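Descriptive analysis of the structure
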Amino acid sequence: MSDREGNSGGAPSNDDDLSLPKATVAKMITELLPNDVVCSKETRDLVIECCVEFIHLISSEANEICEQESKKTIAPEHIIGALKRLGFDSFTTEVEDVLKEHKQQQKDREKKVSKFEQSGMTPEELLAAQEQLFAASRAKFQSTSGGT
């Protein structure tokens, strides 16, 4: 996997160009700290730099695992393996839980999409039904607003 992957063409990105949204990090810090504790901008920037470095460390290690397995795509298992290799075993249980939750959310999304498929109607029939509903709604709106 290339360091340039995900970069929108052009020259390779410089590590100085990589960052996290300051407002998002500031919000996360504020939510985690007690109300009577304030975080300086320098501290927030340091936290951002640490997060970026952590992401770089984990993704580099996951990339090595991926290459050792002759894979071209970093999978969640590679991230978990990287955490273990780097001594972050205590994180793996929570990461695995988040992964399971994410997979469940994806399945739930697929179920919502398949409701149309389960309707037993063709796309043309669904469109016709939608047009009828719009026409009925339009007629109702015009009858209530037309007399005022």
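In this report, we go over the structure that sits alongside the text. This one's a predicted model, so the numbers in the text were calculated from it and none came from an experiment. (Residues numbered from 1 in each chain as written. Predicted model: local features only at pLDDT ≥ 70, side-chain atom pairs only at ≥ 80, totals over all residues. Heavy atoms only, no water.)

With respect to the nonpolar core
- Ranked by size, the top nonpolar core spans 5 residues in total: Ile58, Ala62, Ile65, Ala82 and Leu83.
- Among the secondary structure elements, those contributing two or more residues to this core are helix H2 (41-68) and helix H3 (76-85).
- Residues contacting Ala62, with those up to four places away along its chain left out, are Ile74, His78, Ile79 and Ala82. (Core = buried A, V, L, I, M, F, W, Y, C linked by side-chain atoms within 4.5 Å. Buried < 20%, exposed > 50% of the residue type's maximum accessible area, 1.4 Å probe, protein only. Helix = DSSP H or I, 4+ residues; strand = E, 2+ residues; numbered from the N terminus. Contact = heavy atoms within 4.5 Å.)

Topic: a nonpolar patch on the surface
- A surface patch of nonpolar side chains, about 240 Å² in accessible area, is lined by Phe54, Ile55 and Leu57.
- Along the chain, Phe54 falls in helix H2. (Patch = residues over 30% accessible without salt bridge, like charges linked within 9 Å, V, L, I, M, F, W, Y side chains within 5 Å. Areas by Shrake-Rupley, 256 points an atom, 1.4 Å probe, with all protein chains shown as cover. Salt bridge = Lys/Arg side-chain N within 4 Å of Asp/Glu carboxyl O.)

Details of the packing of aromatic side chains
- Taken as a whole, this structure holds 3 aromatic pairs when the rule is applied.
- Arranged with centres 6.3 Å apart and planes meeting at 45°, the rings of Phe54 and Phe91 form a pair that is tilted. Remark: Phe91 occurs in helix H4 (residues 89-118) and Phe54 occurs in helix H2; sequence separation between them is 37 residues.
- Look at Phe88 and Phe91: their rings are 5.6 Å apart centre to centre, the planes differ by 65°, and that puts the pair in the edge-to-face class.
- Under the relative-accessibility criterion, Phe91 is labelled partly exposed at 41%. (Phe/Tyr/Trp six-rings, centres within 6.5 Å; stacked < 30°, edge-to-face > 60°.)

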